[in-house]
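Listed below, chain by chain, are the residues.
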Amino acid sequence: MQSETTILYGKPVVQHIRERLKTDIQSLATKGIIPGLAVILVGEDPASRVYVRNKEKAFKELSCYSKTFQFSTTATETELINLIQSLNQSTEFHGILVQLPLPSHLNEKLITNTVSPDKDVDGFHPMNLGLLLQGIPRFVPCTPNGIIEMLKFYNITTEGKHVVILGRSNIVGKPMFALLVQKFKMGNSTVTVCHTKTQSLEKITKQADILIVASGVPHLVNGNMVKAGVHIIDVGINQVKDDSVKGYKLTGDVDYDSVLGIAKSISPVPRGVGPLTITMLASNTIQAAKNN
Ligand code: GUN
């Protein structure tokens, strides 16, 4: 039997969180502190440029400060490390973000690990990942944190649920697992992480009460792969060529139309998880300013 699928839009969740953040921003302002974020962007990756523009816009709207340090594709490790070391000392910037992916000649781990753990608003530093695994997180990676906020906002509980995550990236899959497995109110889940070497994927996805898809493969999941009543969070943002003026449209990792009437809820692409990631980045930057 078909039933109605709720669409989990990101905007109301963002508005809800922003109200919370505004109080913190105002109280910092009374002390003369404006939360500041340094964004390091290397090269011309079009998706990265869009993300960085959206970050700048969101920070302006929140009366926070952000500055982008733009490098050409040929930037060296030394140049980037020198900049990060000076930003680590700066009082102007409470958070530092190195936009990923970096061009392939650069050692991503070496560069991101240079960011001081106190300014690591992405939560990618081994120290912050370790704290997250211990269940005492300081900076939670932004997309998993946004997903937790989305589930909470729409009253989707996680305790005792089987959550299946598609994708084992450092940005989404691994930290998402680390959060959901904790003894937190929005945790206590049984978590399965699937990836490119997983066999019989469909057998596993069909067991999910909550399915989080961050595979980077357009339309990997369809209605035949999920059980009725599942909640689906689609983290994919794929540019698929079409006949429009732009020449492409954005699509998720889930074949959206095919799960309508089967899933209890699904986050759309665009206008789902994306805006939340940036809001959680602002939240981490404000947290860094408060810690300081
Ligand atoms: N590229 C795609 N997502 C992210 C993110 O959350 N942080 C950084 N630094 N780069 C990204």
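Residues numbered from 1 in each chain as written. Predicted model: local features only at pLDDT ≥ 70, side-chain atom pairs only at ≥ 80, totals over all residues. Heavy atoms only, no water.

Side note on a positive patch on the surface
Which entries qualify depends on this criterion: What goes into a patch is any residue over 30% in relative accessible area without a salt bridge, connected to like charges within 9 Å or, for nonpolar side chains (Val, Leu, Ile, Met, Phe, Trp, Tyr), within 5 Å. For the accessible areas, the method is Shrake-Rupley and the probe is 1.4 Å, while residue cover comes only from the protein chains on display. Salt-bridge detection follows one rule: a side-chain nitrogen of Lys or Arg within 4 Å of a carboxyl oxygen of Asp or Glu. Think of it this way: Lys and Arg go in the positive column, Asp and Glu in the negative one, and His and the chain ends go nowhere. Taken as the charge centre is NZ of Lys, CZ of Arg, CG of Asp or CD of Glu, depending on the residue. Helix and strand assignments follow DSSP, with helices taken as H or I runs no shorter than four residues and strands as E runs no shorter than two, numbered in order from the N terminus. Note on exposure labels: buried denotes an accessible area under 20% of the residue type's maximum, exposed denotes more than 50%, and partly exposed covers the range between, all computed with a 1.4 Å probe on protein chains only.
Together, Lys109, Arg168, Lys174 and Lys197 make up a positively charged patch on the protein surface. With respect to the helices and strands, lysine 174 occurs in helix α7 (residues 173-180). On the basis of relative accessible area, lysine 174 is assigned to the partly exposed category, the value being 45%.

A word on the sheet that holds strand β3 (residues 65-71)
Using the following cut-off: The pairing criterion is simple: DSSP has to find at least two bridges between the two strands. For helices, the fitted line uses only the C-alpha atoms of the stretch in contact; every axis is such a line through C-alpha atoms, and the angle between N-to-C directions lies from 0 to 180 degrees. Whether two residues are in contact is decided by their heavy atoms, any of which lying within 4.5 Å being enough.
The strand order across the open sheet formed by three strands is β3-β2-β4, and the pairing between neighbours is parallel. Each of the sheet's edge strands pairs with one partner strand only, and the pair in question is β3 and β4 (95-98). Within the sheet, the average angular offset between the axes of one strand and its neighbour, ignoring direction, is 15 degrees. Where strand β2 (residues 36-42) lies against β3, seven bridges are found, and the strand directions are parallel. Within β3, the position partnered with isoleucine 40 by the bridge is phenylalanine 69. Helix α2 (residues 46-61) rests against β2, β3 and β4 of the sheet, and its axis sits at about 160 degrees to β3.

Some words on the environment of leucine 28
Among the structural elements, leucine 28 can be located in helix α1 (residues 11-30). Not counting residues within four places of it along the chain, the set of residues in contact with leucine 28 comprises Ile33, Pro35, Ile286, Ala289 and Lys290.

Remarks on the packing of aromatic side chains
Given two aromatic rings, one states the distance between the centres and the angle between the planes to describe the pair. Operational definition: Side-chain rings of Phe, Tyr and Trp (the six-membered ring for Trp) are treated as a pair once their centres are within 6.5 Å; stacked means planes under 30 degrees apart, edge-to-face means over 60, and tilted covers the remaining angles.
Applying the stated criterion across every chain yields a total of three aromatic pairs. Ring geometry for phenylalanine 69 against phenylalanine 93: centres 5.9 Å apart, planes inclined by 70 degrees, an arrangement best described as edge-to-face. Linking phenylalanine 69 in strand β3 with phenylalanine 93 in the loop between α3 (77-89) and β4, this pair joins segments that are 24 residues apart in sequence. Assessed through its relative accessible area of 17%, phenylalanine 69 is described here as buried. Ring geometry for phenylalanine 153 and tyrosine 154: centres 5.0 Å apart, planes at 80 degrees, overall edge-to-face. One aromatic cluster in this structure is built from Tyr65, Phe69 and Phe93.

Description of helix α10 (residues 274-291)
Which entries qualify depends on this criterion: Take the number of residues in a helix, subtract one, and multiply by 1.5 Å to get its expected span.
Here α10 contains 18 residues, and its C-alpha end-to-end distance of 26 Å stays within 8% of the 26 Å for a straight helix at 1.5 Å per residue. Where α10 is concerned, the buried positions are Leu276, Ile278, Thr279, Met280, Leu281, Ala282, Ser283, Asn284, Thr285, Ile286, Ala288 and Ala289. On the buried face of α10, the contacting elements are α1, β2, α2, β4 and α6 (142-153).

A closer look at unusual backbone geometry
The residue after leucine 100, namely proline 101, is reached through a cis peptide bond having omega 0 degrees. Examined against the element boundaries, proline 101 turns out to sit in the loop between β4 and α4 (108-112). Residue serine 63 is not a glycine yet carries a positive backbone phi of 60 degrees. Topologically, serine 63 is positioned in the loop between α2 and β3. You can call serine 63 exposed: its relative accessible area is 53%. One non-glycine residue, arginine 271, adopts positive backbone phi at about 80 degrees. Along the chain, arginine 271 falls in the loop between β11 (265-266) and α10.

Some words on the pattern of salt bridges
For the coordinates displayed, the defined rule picks out ten salt bridges. Three or more residues joined by partner-sharing salt bridges are found here, namely Arg18, Lys57 and Glu61.

So, the side chain of glutamate 149
With respect to the helices and strands, glutamate 149 occurs in helix α6. If we skip the residues at most four places from it in the chain, glutamate 149 touches Val13, Ile17, Arg20 and Met280.

Some remarks on the sheet that holds strand β7 (residues 210-213)
Across the sheet, which stays open at both edges, the six strands sit in the order β1-β11-β8-β7-β5-β6 with parallel pairing between neighbours. Two strands lie at the open edges of the sheet, namely β1 (6-7) and β6 (190-194), each paired on one side alone. Bridge count between β7 and strand β8 (residues 231-234): four bridges; the pairing is parallel. Bridge assignment links leucine 211 to a residue of β8, and that residue is isoleucine 232.

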